[in-house]
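# Summary of the model geometry
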Amino acid sequence: MSRMAANVMKWGAIAVALVVVFWVDTQLASQGHLLAVVLVSMVGLAVLAIYGTRRAVPLKYLFPGLVLLVGLQIWPQVYTAMTAFTNYGDGHSISKQEAIDSIVANSVTEVPGSPRYKLSVAVKSGSDPATGDAFYLLTDPQGKTFVGDAKGLTDLTAGVEKAPTGKITAAEGYTILSAVQVNDRKDLDTFAVPSQDGSAIKRVGLSEAFEGKATMTYDKATDTLTDSATGKKYVAKDARFVPADGQGDALPQGWKENVGFKNFKTAFTDPVIRAGFVKILIWNVAFAAVSVVSTFALGMLLALLLNDPRLRGKAVYRSLLILPYAIPGFVTALVWRSMFNQDYGLINQLTHLNVDWLGDPWAARAAILLANLWLGFPYMFIVCTGALQSIPDDVKEAARIDGANPLRMLRSITMPLLLVAVGPLLIASFAFNFNNFTLIFLLTEGGPFEAANTSIGSTDLLITYAFRLAFSGVSPNYGFAAAVSVLIFIIVALISAQGFRRTKALEEIN
C-alpha cells in the first residue's frame, strides 16, 4: 500500500469518527444533555489530536480501550453510585418542575362551549417519532390551522394539506405520527399546549383536542398546589405533594431528589430489610466460597489424575470432561431445574427420594451448589491442567531423588506452585460467583420464599435481591437497589483486596 493510500484511509477513518461524534452530539443536544455534549466533543478532539499526528504512538493503541473502559465500566459504576443517593424509582423518575407541569396538565378539564380542534400529532422532520419533541397540528372550527408545543400556540400555513374533515395530513417541516406511534408515546397523556388566559389544549383520542382550563394552580412563593375545583391545598413533602390538612391521598406524580445516605441507612436499620439483608449476605458469601472450593477441588483432582504420564487416552478423557463447559450456562441451569422437579425430576427418580429440591430452603441451596459444581469444575480442570503441565519435571525429579513420597510432593511442590498460577483466578471466580445472577434466577428465581416476607428468598444473592427491588414488585425502587449494588461492590472489593494480598505472598515461592 502506498503512503498516499494509507493517508487517505487514515483521514477517511478520522472523518468518519468525527461525523459519528457530531451526530451523537446533535442527538444529545436535542435532548438537553449539555454536559454529555461537551464530553463527547472532547472525545472527538482527542481522536483528531491522537490520530491526526505522528506523536503519542502508544496512545493510538490505548485510546479505544480507554474510551470503552470509561463508557462501559467506570461511568455505569459512577451512575449507580449517584443513583444510590436519590429516591429514584416508581413515581419519582422526573424532576420537580416536570411533576408540577404534569399535575397541572392532567387537571385540565374541558370548558363547556369551548371549541374543539381537529388534531394531528407530529414531530419535527428528521426527529425520532418515539422521542422527538411533540407538536399538535390543529384546525379550529373556522378552518384556521395552528401548531402548538409546550410553549404555546402559533399560526401554521406553510405546506399545510388537510383531509375533508379538516384534519392536517401534511405540513412543511413536520412528520405526522401514525396511530400506533401516538399510542406508544406515554408522554402525550400529560402533554398540553398552553393557550390564552391560562387555558390549555389537550388531546382527546387520536384526532381531536379540546380547549380547557387547569383546576390545579402552582404557587412558587409558597411551593403549594391548589385545586380550584375542591379548594384543597397540597404542600411538598417527601418528594410528593400531599394534602396540607393531612386528609386524603398524595398526588401520584412525585419527583426525583437527593436523599443523602437514607437508602444505606434503610438497609442497615429497617428491621425487616436488615434481617433479610444479613441473611442474604451470609448465604451469598457461603455460596461463593463453597462454589470456588468445590469446583477447584474437583477440577484439581481430575487434573492430577489425568496428568499421570502412565495414563492412556488422556485427550479423550479431557475432551469429555470439558463438555459441560461447552454447553451454554442457561441451558444447563434449565436442565438441572427440570431434573430437580420433586415429582418428575431425574434426581428423585434415580435416588428413590422424595425431596422437594426447589421448595425447601436447604434443599434448594444444596441443589444450587450441585448445579454450580457441574457448571464450574470444567473451568478449574482446564486451568489446573495447564498449571500442572507448566511445573518443571526436574523439580519433581529432585524431590523424588531426595525421598519425597507422592503425598509430600503434592503438599510441598505441586500445590504451592499450582496456587501461584491459579490464585488470581480463584479470586476472580469468587467475585463471579458472588454475583452469579444467571444461575440463581434460572434455577430458583431466589426462592423458595417465606409466607411472611415474599420479597426475600431463601436462595437470593444480593444481586438477585437488588434486581427484584429495582425491576419487580408493585413499586420498583432504583435508588435502594443502587445502594445495595454499591454495598456489593464494597464487599467484593474488600474480599478481593485481601485475596490478592495473600496471592502476592505465594509469589515468593517462585
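Residues numbered from 1 in each chain as written. Predicted model: local features only at pLDDT ≥ 70, side-chain atom pairs only at ≥ 80, totals over all residues. Heavy atoms only, no water.

## Digging into the pairing of strand β10 (residues 199–204)
- Counting buried positions along β10 yields 5 of 6 residues, so the element is predominantly enclosed.
- Summarising the sheet, β10 and strand β11 (residues 208–214) pair through 6 bridges and their orientation is antiparallel. Opposite valine 204, over in β11, you have glutamate 208 as the bridge partner.
- The hairpin turn running from β10 into β11, its antiparallel successor, is 3 residues long, and glycine 205 in that turn takes a positive phi close to 70 degrees. (Buried < 20%, exposed > 50% of the residue type's maximum accessible area, 1.4 Å probe, protein only. Helix = DSSP H or I, 4+ residues; strand = E, 2+ residues; numbered from the N terminus. Pairing = 2+ DSSP bridges.)

## Considerations on the nonpolar core
- With 42 residues, the main nonpolar core has Phe296, Leu418 and Phe434 as its most contacted residues.
- For phenylalanine 434, the contacting residues outside a window of four places in its chain are Leu281, Asn284, Val285, Ala288, Leu461, Leu462, Ile488, Ile491 and Val492.
- Counting 18 residues, the second largest nonpolar core, distinct from the first, contains Trp336, Ala367, Ile440 and Leu443. (Core = buried A, V, L, I, M, F, W, Y, C linked by side-chain atoms within 4.5 Å. Contact = heavy atoms within 4.5 Å.)

## Side note on the UniProt feature "transmembrane region" (unreviewed entry) in the chain
- The residues that UniProt annotates with the feature "transmembrane region" (unreviewed entry) are residues 7–24, 30–51, 58–75, 281–304, 316–336, 362–388, 409–432 and 478–497.
- Helix makes up 100% of residues 7–24 and strand 0%. Its end C-alpha atoms lie 26 Å apart.
- Between the end C-alpha atoms of residues 362–388 there is a gap of 36 Å, over a span that is 100% helix and 0% strand. (UniProt positions renumbered as here; feature names shortened; annotations may be inferred.)

## Structural notes on the packing of aromatic side chains
- By the definition in use, this model includes 21 aromatic pairs.
- Relative to phenylalanine 434, the ring of phenylalanine 430 has its centre 5.9 Å away and its plane inclined at 40 degrees; by these criteria the two rings are tilted. Taken together, the positions of phenylalanine 430 and phenylalanine 434, both in helix α14 (residues 406–434) and 4 residues apart, correspond to about one turn of that helix. Phenylalanine 434 matches phenylalanine 430 in its accessibility class, with the two residues each being buried.
- Counting every residue linked through ring pairs, the aromatic cluster contains Trp336, Phe340, Trp357, Trp374 and Phe377.
- For arginine 365, the ring lying beneath its charged end belongs to tryptophan 283, and the centroid distance is 5.7 Å. (Phe/Tyr/Trp six-rings, centres within 6.5 Å; stacked < 30°, edge-to-face > 60°. Lys NZ or Arg CZ within 6 Å of the ring centre and 35° of its normal.)

## Side note on the domain arrangement of the chain
- Here the domain parsing of the chain yields domain 1 (3–84), domain 2 (96–243) and domain 3 (268–508).
- With centres defined by C-alpha atoms, the gap from domain 2 to domain 3 works out at 56 Å. (Domains from an automatic or database assignment.)

## Description of the pattern of salt bridges
- All told, the structure shown has 10 salt bridges when counted by the stated rule.
- Residue arginine 400 pairs with glutamate 397 through a salt bridge whose shortest N-O separation is 2.9 Å. Residue arginine 400 and its partner glutamate 397 are located together in helix α13 (residues 393–401), separated by 3 residues, close to a single helical turn.
- The exposure class assigned to arginine 400 is partly exposed, which follows from its relative accessible area of 46%.
- Here glutamate 397 falls in the partly exposed class, since its relative accessible area comes to 38%. (Salt bridge = Lys/Arg side-chain N within 4 Å of Asp/Glu carboxyl O.)

## Points about unusual backbone geometry
- With an omega of 5 degrees, the peptide bond between glycine 447 and proline 448 qualifies as cis.
- For alanine 56, which is not glycine, the phi dihedral falls at a positive 55 degrees.
- Locating alanine 56 in the fold gives a position in the loop between α2 (34–51) and α3 (57–83).
- Within the chain, histidine 352 stands out as a residue other than glycine whose phi angle is a positive 60 degrees.
- Position of histidine 352 among the secondary structure elements: in the loop between α11 (346–351) and α12 (361–389).

## Looking at helix α1 (residues 3–30)
- Taking 1.5 Å as the rise per residue, α1 with 28 residues should run 40 Å; its terminal C-alpha atoms sit 41 Å apart, in good agreement.
- Within the sequence span of α1, burial applies to Ile14, Val21, Asp25 and Leu28.
- Among the structural elements, α2 are those in contact with the buried residues of α1.
- Note on α1: the residue one or two positions beyond its end, glycine 32, has a positive phi of about 85 degrees. (Expected span 1.5 Å × (residues − 1).)

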